[in-house]
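One letter stands for each residue in the lines below.
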Amino acid sequence: MKKLIKKLRLPLLLFVAINGMSFTHKFYVSVTNVNYAKEAKALQITTRIFIDDLDDLMMARYGVATKLATKNEAKVADAYIEKYLKTKVSFELDGEVKPFTFIGKKYDADVVICYLEVPNVTLENHENLTVTNEILTDLYDEQKNLVHVKWNGNKKSFVLIKSDIKGMLKL
């Protein structure tokens, strides 16, 4: 029995060490879906951000403990989320910035889903859509922002990082 324990000790220690390392590494990512709703003449956008990352950002950037998704959530949380998104996300059609409306948010497990809309848009009249997304890049150098755009049966995806915050589509 002692021989068996000696033989298994090194593989077991390696297994524990490797698995322990995987728990300490954190990924920083957001996912933004941009859908062109032709009937509504609008870009309808959802942005998914990890709750703990957004909480940390609100404290670091604004000094506000938002306590998202808790019974003690700050009453000003939505206003600060909107303020932040307006500084970090933008949509341009043929070089012209189109303002968006922050519609609201909901929670799904450990993610906050923010709903945005760019009204009065007809993509048929435009050649280019540029999406800027630098969510959390001011807090995490490793942040990756995935953007998926759907319009008229087409789909395009790209990854934006701190050094490359814009993606442009030919429509």
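Summarised in this report is the structure supplied together with it. (Residues numbered from 1 in each chain as written. Predicted model: local features only at pLDDT ≥ 70, side-chain atom pairs only at ≥ 80, totals over all residues. Heavy atoms only, no water.)

Let's talk about the overall build of the protein
Right, so step 1: The secondary structure content of the protein amounts to three helices and ten strands.
Right, so step 2: For the protein, the succession of helices and strands along the chain, N to C, is α-β-β-α-α-β-β-β-β-β-β-β-β.
Right, so step 3: By the burial criterion, 37% of the 171 residues in the protein qualify as buried.
Right, so step 4: For the protein, the accessible area works out to roughly 10400 Å², and carbon and sulfur atoms hold 57% of it. (Helix = DSSP H or I, 4+ residues; strand = E, 2+ residues; numbered from the N terminus. Buried < 20%, exposed > 50% of the residue type's maximum accessible area, 1.4 Å probe, protein only. Areas by Shrake-Rupley, 256 points an atom, 1.4 Å probe, with all protein chains shown as cover.)

Topic: the packing of aromatic side chains
In this description, a pair of aromatic rings is defined by centroid distance and the angle of the planes.
Right, so step 1: Within this structure, the stated rule accounts for three aromatic pairs.
Right, so step 2: When the centroid spacing of 3.8 Å and the interplanar angle of 20° are considered together, the rings of Tyr28 and Tyr140 count as stacked. One end of the pair, Tyr28, is in the loop between α1 (2-24) and β1 (29-37); the other, Tyr140, is in the loop between β7 (128-133) and β8 (144-151), with 112 residues separating them in the sequence. Note on accessibility: Tyr28 and Tyr140 belong to one class, buried.
Right, so step 3: Centroid distance Tyr62 to Tyr80: 5.1 Å. Interplanar angle 55°. Geometry classified as tilted. (Phe/Tyr/Trp six-rings, centres within 6.5 Å; stacked < 30°, edge-to-face > 60°.)

Points about the nonpolar core
Right, so step 1: Within the largest apolar cluster, 37 residues are counted, with the highest numbers of intra-cluster contacts made by Leu43, Leu54, Ile81, Leu85, Phe91 and Val149.
Right, so step 2: Setting aside chain neighbours within four positions, we find Leu43 in contact with Val34, Asn35, Tyr36, Leu116, Glu117, Val118, Val121, Leu123 and Leu129. (Core = buried A, V, L, I, M, F, W, Y, C linked by side-chain atoms within 4.5 Å. Contact = heavy atoms within 4.5 Å.)

Structural notes on the sheet that holds strand β4 (residues 96-98)
Right, so step 1: Read across the open sheet, the four strands follow the order β4-β3-β7-β10; overall the sheet is antiparallel. Lying at the two open borders of the sheet, with one neighbouring strand each, are β4 and β10 (166-170). In this sheet, neighbouring strand axes are inclined to one another by 25° on average, regardless of whether the strands run parallel or antiparallel.
Right, so step 2: Note that strand β3 (residues 89-93) and β7 share five bridges and pair antiparallel. Within β7, the residue paired with Glu92 across the bridge is Thr130.
Right, so step 3: Relative to β3, helix α3 (residues 77-88) is tilted by about 45°, and along the sheet it contacts β3 and β7. (Pairing = 2+ DSSP bridges. Axes fitted to C-alpha atoms, helices over the stretch in contact; angles between N-to-C directions.)

What about unusual backbone geometry?
Right, so step 1: The phi dihedral of Ala109 is positive, around 55°, even though this residue is not glycine.
Right, so step 2: By the secondary structure assignment, Ala109 is in the loop between β5 (101-108) and β6 (111-119).
Right, so step 3: Residues other than glycine seldom take positive phi values, yet Asn120 does so here, at roughly 55°.
Right, so step 4: The residue Asn120 is located in the loop between β6 and β7 in this model.

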